[in-house]
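# Examining the three-dimensional arrangement
Residues per chain, in single letters:
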Amino acid sequence: MPGSHRRRALNARKPARTLHYTAAMTSSALPRSLRTAASLLLLLAGCRSVDFDGGTLGFDTAAVTAAEGQTVTLIVTRPADSARRPASLRYRSVDGSARAGEDYAAVDGRLQWSAGDTAPKTIQVSLAADGVFEDADETLQLQLYDPQGAALTDSVAMIRVLDQDPVPMQLLAFNDFHGNLKPPTGGLRVPDPDDPAATLLLPAGGVEYLSTQIKQFKAQNPRSTVVAAGDLIGASPLISSLFHDEPAIEALNQLGLEFSSVGNHEFDDGSSELLRVQRGGCFGQGQASATSCVRGPFAGAAFQYLAANVLDARSGRSLLPGYAIKRFDVGGGRSLSVGFIGLVLKTTPAIVTPTGVDGLRFVDEASAANALVPELRAAGVEAIVVLIHEGGMTSGAYNDKRCPDLSGDVLPIADALDPAIDIIVSGHTHNAYNCRRNGRVLTSASSFGRVLTQIRFKLDRITRDVIVDSVDNQVIVNDTAPNPAPQHYPVLARDPAQTEIVDFYRDRVAPLENRVVGRISGDLLRAPNESGESTLGNVIADAFLAATRERRSGGAVLAFTNPGGLRTDLLAAQISGGEAPGEVTYGELAAVQPYGNTLTTLTLTGAQIKMLLEQQFPPWQTAPKFLQASAGLRYRYDPSRADNDRIDAASLTIAGKRVQPKARYRVTVNNFLAAGGDGFTVLRNGRDALGGPLDIDALLAYFAASGGRLDVPTLQRFERQR
């Protein structure tokens, strides 16, 4: 781990040594080296004087420390007024929660002074070094007796041992929840433990099951923190989006989420709506309605959103707190702390509707995090976790710790982070991985609540640093479909508290959500072919064109949609509301296009259309982002060519006719793209913009115009040159 030069090994022990305590010494008089350590607290109860053999022996409350495996020496000084005659005092250890012979070496003896003798006498207690002292709850007593064997009840030395072992803790992390209260479609493909060459498709996700897994893990270790890496809301299914994602926040509060970075989708409806989600209040005018505060006043997120690199453009202040500190009581009046820094990808303005980030400035992720490290360390925090909504990809399975082919935009950020940062919880790519990067933990938990990351670590009580024990991604297996391997992937029970929330909103959305709107002959998938084209993208683009082709509706000859606007597949076998196989419900369409975008038709020149296609290869991304195009468009591209020269202009045609650079064409996109979203800035220069219907209404009309049935389209609209 970073900073390991400051850390001791988990099983290392300090060498045995002797610490001295003088009975007549007060705590304020103790040497600084003894008062500031933190392993053993010794109290001589009472601040009383004890008469023996004509003299008095004073015991004042005092504090001294020692580590496990050390010997504590009590030095008892005889008062001068008792030195005229001999004196004797017996002592014997008495078990508290610590036991003689196990936790310490039993002591039993006598202190004796001859006449005139004022030399100090010692009592030694040797502490075990076997890790038995836990959380400062081990005590033993040193009972003092007079020479006749009568206990001196006012003079009991109570020794309390403070555990020196590193403190076990855990993080439970997820990301890209996107309001998926109900189990999402598609499940999760995982390795088959019985056949290394095969995979299994598990039913996975759903907040009822995610909550159960979190509670089970928390029961194993009460020092747990539940965290997330953004996109908890936005692009949500109808059960949450219809109610402005208040259901998702309510469910996340219930499962005990504590800290989350913001994601780009937290800005879908602007910063003021994000702040409402954090702080509470009804949507719109602040009054309850059919879609807001339907269960009473909306209290907002009980967890804290963090955004260190999102600033108000005018004031320069952060929109939300950049970090938070959680303190853990570890006994003996001591505490240990973990700091959490929240970040979102700095290119958020390029992938969010411009109105969503109006008035905000997004700064470099690593620089923002690194600037907070000195502040956290000044507050006594050595364990630092970054929650970042930016991610990577790997070709491995969900929990493949080899992380084959690890890539993605999170990597240069991770490499630039201060070495004091110990753990990185990431998101955004909807990929599941469990990696080490330059000695640091780097994780992601897929999306939609299908995976939960469990990071088990210890905090060193002395250095306060992180010692990682294990990191595992756990599939959230539900009972909504047959489980092909329950012996390897056990099904989780539903959390009744979450079931109550889900059922409440499901009942209210069901009449709209379960309405059958058409049929499909086969699966319409988001997954692109090798050229970047998808069957679902083709259908959506065709629906956009059909809705705006007539002159009065826009006169469009071409339409595009962005792949990020398509949130899930349309599967023929999916049954979401009791419909027959092949039938499609309104809720399923809303899950595909959850944003409620409106269509915009505008005029572009042929040269601008070519530039639009060139912008599919942004320099800040490692992979192109292909627009899905309507039927009639054809072109070829070569990704190996230079910027702005990847599209073969000679191959670019609409309805079989070559696109002319100076000619004007009416093109339909959604309002997100029209505003320059996803980096397609050339669309801002379009002219004569005309608003159209909602994207979902265009798709509904397309179903109706097709006789209620859609076939799977062929993939041949653009081609990659080899």
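None of the values given here were measured: they were computed from a predicted structure.

## Points about the overall build of the protein
Within the protein, the regular secondary structure consists of 14 helices and 38 strands. By residue count, 55% of the 722 residues in the protein fall in the buried class. A separation of at least 24 residues holds for 73% of the contacts in the protein among residues at least 6 apart in sequence. Split by element, the accessible area of the protein, about 28900 Å² in all, is 50% carbon and sulfur.

## Re the sheet that holds strand 35 (residues 664-670)
Taken together, five strands build an open sheet; the order of strands is 31-28-35-30-36 and the sheet is mixed. The sheet is open, and its two borders are formed by strand 31 (628-629) and strand 36 (687-694), each paired with just one other strand. With two bridges connecting them, strand 28 (residues 558-561) and strand 31 associate as antiparallel partners. For Thr-561, the partnering residue across the bridge sits in strand 31 and is Gln-628. Its contacts with the sheet place helix 12 (residues 606-614) against strand 28, strand 30 (598-605) and strand 35, and it is angled at close to 120° to strand 30.

## A word on the environment of Asp-678
For Asp-678, the position within the fold is in the loop between helix 13 (671-674) and strand 36. For the pair Asp-678 and Ile-351, spaced 327 residues apart in sequence, the C-alpha to C-alpha distance is 4.0 Å. Dropping the residues within four chain positions of it, Asp-678 is found in contact with Ala-350, Ile-351, Asn-562, Lys-625 and Phe-672. Of the polar contacts made by the side chain of Asp-678, one reaches the side chain of Asn-562; its length is 3.4 Å. A polar atom in the side chain of Asp-678 sits 3.3 Å from the side chain of Lys-625.

## Concerning unusual backbone geometry
At Cys-403, a residue that is not glycine, the phi angle is positive and equals roughly 50°. Tracing the backbone through its elements, the reader meets Cys-403 in the loop between strand 21 (383-389) and helix 8 (410-416). At Arg-464, a position not held by glycine, the phi torsion is positive, near 65°. By the secondary structure assignment, Arg-464 is in the loop between strand 25 (451-459) and strand 26 (466-475).

## Details of the pairing of strand 30
By the criterion of burial, strand 30 is predominantly enclosed, with seven of the eight residues buried. Relative to strand 36, strand 30 runs antiparallel, the two sharing four bridges. Bridge pairing in strand 36 links Thr-598 to Leu-694. Pairing between strand 30 and strand 35: seven bridges, direction antiparallel. Note that in strand 35 the partner of Thr-605 across the bridge is Arg-664.

## Comments concerning the state of the cysteines
Inspection of the entire model under this criterion finds two disulfides. The disulfide bridge from Cys-282 ends at Cys-293, spanning 2.0 Å between sulfur atoms. The sign of the -120° torsion about the S-S bond sets the Cys-282-Cys-293 disulfide as left-handed. Residue Cys-282 is found in the loop between helix 5 (271-279) and strand 16 (304-306), and its partner Cys-293 is found in the loop between helix 5 and strand 16; the two are separated by 11 residues along the sequence. Residue classification places Cys-282 among the buried positions, given a relative accessible area of 14%. In this model Cys-403 forms its disulfide with Cys-435; the gap between the sulfur atoms is 1.8 Å. Between Cys-403 and Cys-435 the disulfide shows an S-S torsion of about -100°. By sign, it is left-handed. One end of the pair, Cys-403, is in the loop between strand 21 and helix 8; the other, Cys-435, is in strand 23 (residues 432-437), with 32 residues separating them in the sequence. Judged on exposure class, the residue Cys-403 and its partner Cys-435 are both buried.

## Topic: the environment of Leu-710
Within the fold, Leu-710 resides in strand 37 (residues 709-710). Among the residues examined, Leu-710 registers a relative accessible area of 6% and is labelled buried. With 192 residues separating them along the chain, Leu-710 and Gly-518 place their C-alpha atoms 7.9 Å apart. The contacts of Leu-710, once residues within four sequence positions are left out, are Arg-519, Ile-520, Ser-521, Val-539, Tyr-702 and Phe-703.

## Overview of the packing of helix 10 (residues 535-548) against helix 14 (residues 695-705)
Between helix 10 and helix 14, whose axes approach to 8 Å, the crossing angle comes to 90°. Between helix 10 and helix 14, the angle is such that the two are roughly perpendicular. Mapping the contact onto sequence places Val-539, Ile-540, Asp-542, Ala-543, Phe-544, Ala-546 and Ala-547 in helix 10 and Asp-695, Ala-698, Leu-699 and Tyr-702 in helix 14. Residue classes in the contact of helix 10 with helix 14 are distributed as nine nonpolar, no polar and two charged.

## A closer look at the packing of helix 4 (residues 246-254) against helix 9 (residues 496-513)
Between helix 4 and helix 9, the shortest axis-to-axis distance is 10 Å and the interhelical angle comes to 175°. The orientation of helix 4 relative to helix 9 falls into the category roughly antiparallel. Contacts between helix 4 and helix 9 involve Pro-247, Glu-250, Ala-251 and Gln-254 on the former and, on the latter, Ala-497, Gln-498, Ile-501 and Tyr-505. The residue makeup of the contact of helix 4 with helix 9, split by class, is five nonpolar, two polar and one charged.

## Brief notes about the sheet that holds strand 22 (residues 423-426)
Strand order across the open sheet formed by six strands is 18-19-21-22-24-23, with mixed pairing between neighbours. Looking at which strands have only one partner, the edges of the open sheet turn out to be strand 18 (323-331) and strand 23. On average, each strand axis in the sheet is tilted by 20° relative to the strand beside it, whichever way the strands run. In this structure, strand 21 lies alongside strand 22, joined through four bridges in parallel fashion. By the bridge assignment for strand 22, Val-386 is matched with Ile-424.

## Looking at the environment of Glu-588
Inspection of the secondary structure puts Glu-588 in helix 11 (residues 586-592). By relative accessible area, Glu-588 is classed as buried at 5%. C-alpha separation for the pair Glu-588 and Leu-571, spaced 17 residues apart in sequence, amounts to 9.2 Å. A polar contact is formed between the side chain of Glu-588 and the backbone nitrogen of Thr-585, at a distance of 3.1 Å.

## Topic: the nonpolar core
If you look at the biggest cluster of nonpolar residues, it comprises 78 residues, and the most contacted ones within it are Phe-174, Phe-267 and Tyr-305. Not counting residues within four places of it along the chain, the set of residues in contact with Tyr-305 comprises Leu-232, Ile-233, Ile-249, Ser-260, Ser-261, Val-262, Glu-266, Leu-274, Val-277, Gln-278, Leu-320 and Pro-321.

## Details of the packing of aromatic side chains
Per the stated rule, a full pass over the model turns up 12 aromatic pairs. Consider the rings of Phe-617 and Phe-626, whose centres lie 5.7 Å apart with planes at 90°: the pair is edge-to-face. The same class applies to Phe-617 and to Phe-626, which are both buried. With 5.7 Å between their ring centres and 50° between their planes, Phe-617 and Tyr-637 make a pair best called tilted. Of this pair, Phe-617 sits in the loop between helix 12 and strand 31 while Tyr-637 sits in strand 32 (residues 633-637), and the two are 20 residues apart along the sequence. For the pair Phe-617 and Tyr-637, a shared accessibility class is recorded, and that class is buried. Linked through ring pairs, Phe-617, Phe-626, Tyr-635, Tyr-637 and Phe-718 together constitute an aromatic cluster.

## Regarding the side chain of Lys-326
When you line up the elements, Lys-326 lands in strand 18. At 3.4 Å, the side chain of Lys-326 and the side chain of Thr-225 are in polar contact. Residues in contact with Lys-326, not counting those within four places in the same chain, are Ser-224, Thr-225, Glu-258, Phe-259, Leu-336, Ser-337, Val-338 and Phe-340.

Definitions and cut-offs
Residues numbered from 1 in each chain as written. Predicted model: local features only at pLDDT ≥ 70, side-chain atom pairs only at ≥ 80, totals over all residues. Heavy atoms only, no water. Helix = DSSP H or I, 4+ residues; strand = E, 2+ residues; numbered from the N terminus. Buried < 20%, exposed > 50% of the residue type's maximum accessible area, 1.4 Å probe, protein only. Contact = heavy atoms within 4.5 Å. Areas by Shrake-Rupley, 256 points an atom, 1.4 Å probe, with all protein chains shown as cover. Pairing = 2+ DSSP bridges. Axes fitted to C-alpha atoms, helices over the stretch in contact; angles between N-to-C directions. Polar contact = N/O pair within 3.5 Å; in protein donor to acceptor, adjacent residues only side chain to side chain. Disulfide = S-S within 2.5 Å. Parallel < 35°, antiparallel > 145°, perpendicular 65-115°, else oblique. Nonpolar A, V, L, I, M, F, W, Y, C, P; charged D, E, K, R; others polar. Core = buried A, V, L, I, M, F, W, Y, C linked by side-chain atoms within 4.5 Å. Phe/Tyr/Trp six-rings, centres within 6.5 Å; stacked < 30°, edge-to-face > 60°.

Purely geometric numbers; function is a separate question.
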